[in-house]
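# Close look at the chain arrangement
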Amino acid sequence: LVLFRSSYGSHPTLGGTELRHFKHPESEYAFEIPEPENIAALDGLALTIGHDEALPKAANELISVMQSGVSIQWSKSAASIAASAEKAEQFIPAVLDFDHLQREKSRFEDFLSRHESSALQDVKRTYAVERNRSVDRRRLIEVMEELSRQRLRMARCLPLAELAQPDLTQPAQRLYHQLCDKVEIKAWLTVASDRLEALEDLYEGAIDRNNDREA
């Protein structure tokens with residue numbers, strides 16, 4: 001995931017500068033977008049600094065906080081820091097870290113919602129009195145492997161909901177915790193972990209029943 005900042009000033013520019021690069025074992029989260037032509041389509045954060053204009057009211061998931069006299073607004077794909085360039089600089093990493101965590105939350109929610117829907121049908125098939133030929137054992141195993149990968153990703157995210165990165169200044173750490181508290185990210189990740197555990201149990205049981213019928 002690559003996050004971009006616009007030029008300083010009242011309005012964002014179309015070009016961007018990479019600020020932080022969050023690395024993941026999955027290649028889809030480790031790409032770079034040089035000088036995007038359409039900032040609205042950018043999978044990153046358009047960050048503007050040094051103006052007092054609020055983000056559009058229609059902005060998705062708008063969050064506003066204030067730290068050390070600096071006003072920060074965040075929404076999906078865009079954020080603004082109302083302060084001088086020098087004063088805003090220390091808060092940029094905190095905003096980017098929070099944006100990163102929110103993006104991971106969105107990916108978890110999408111993954112869990114999709115697999116919770118399909119799990120009911122998969123479990124129903126494996127409970128059939130006679131082995132249902134439509135049950136794809138390889139697919140069940142692939143889902144279980146994907147659940148394990150998601151478990152590892154979640155294990156990396158859970159500490160981020162409790163502790164700010166040590167390279168942040170004290171004001172930036174307080175800002176980061178303010179943002180996380182606004183969306184109750186720690187509580188959400190705890191519930192998501194329980195949902196993931198339920199999926200793991202369902203698919204583990206489905207694989208066991210499928211194996212028993214093949215024996």
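Here's what I pulled together on the structure shown here. These numbers come from a predicted model, not from an experiment.

### So, the overall build of the chain
Secondary structure assignment for the chain yields 5 helices and 6 strands. Secondary structure elements of the chain occur, N-terminal to C-terminal, as β-β-β-β-β-β-α-α-α-α-α. Scored against the burial criterion, the 215 residues of the chain give a buried share of 44%. Partitioning the contacts of the chain with sequence separation of at least 6, the portion at a separation of at least 24 is 70%. Carbon and sulfur atoms make up 52% of the accessible area of the chain, which amounts to about 11,700 Å² in all.

### Description of the pattern of salt bridges
Summed over all chains, the structure comprises 9 salt bridges. Two residues, Arg195 and Glu109, come together in a salt bridge whose shortest N-O distance is 3.1 Å. Here Arg195, found in helix H5 (residues 185-214), pairs with Glu109, found in helix H2 (residues 92-126); they are 86 residues apart in sequence, far enough to count as distant. A relative accessible area of 28% places Glu109 in the partly exposed class. Taken together, the shared-partner salt bridges connect Glu104, Arg107 and Arg153 into one network.

### Notes on the packing of H2 against helix H3 (residues 137-160)
As a packed pair, H2 and H3 sit with axes 11 Å apart at the nearest point and diverge in direction by 150 degrees. The orientation of H2 with respect to H3, classified from their angle, is roughly antiparallel. As for the relative orientation of H2 and H3, their crossing is left-handed in sense. Mapping the contact onto sequence places His100, Leu101, Glu104, Arg107, Phe108, Phe111, His115, Asp122, Arg125 and Thr126 in H2 and Arg139, Leu140, Val143, Glu146, Leu147, Gln150, Arg153, Met154, Cys157 and Leu160 in H3. Counted by class, the contact of H2 with H3 contains 9 nonpolar, 4 polar and 7 charged residues.

### Remarks on the packing of aromatic side chains
Enumeration over the complete set of coordinates arrives at 1 aromatic pair. Sitting above the plane of the Phe108 ring, Arg153 keeps its charged end 4.7 Å from the centroid.

What counts as what
- Residues numbered from 1 in each chain as written.
- Predicted model: local features only at pLDDT ≥ 70, side-chain atom pairs only at ≥ 80, totals over all residues.
- Heavy atoms only, no water.
- Helix = DSSP H or I, 4+ residues; strand = E, 2+ residues; numbered from the N terminus.
- Buried < 20%, exposed > 50% of the residue type's maximum accessible area, 1.4 Å probe, protein only.
- Contact = heavy atoms within 4.5 Å.
- Areas by Shrake-Rupley, 256 points an atom, 1.4 Å probe, with all protein chains shown as cover.
- Salt bridge = Lys/Arg side-chain N within 4 Å of Asp/Glu carboxyl O.
- Axes fitted to C-alpha atoms, helices over the stretch in contact; angles between N-to-C directions.
- Parallel < 35°, antiparallel > 145°, perpendicular 65-115°, else oblique.
- Left-handed = near helix turned anticlockwise from the far one by under 90°.
- Nonpolar A, V, L, I, M, F, W, Y, C, P; charged D, E, K, R; others polar.
- Phe/Tyr/Trp six-rings, centres within 6.5 Å; stacked < 30°, edge-to-face > 60°.
- Lys NZ or Arg CZ within 6 Å of the ring centre and 35° of its normal.

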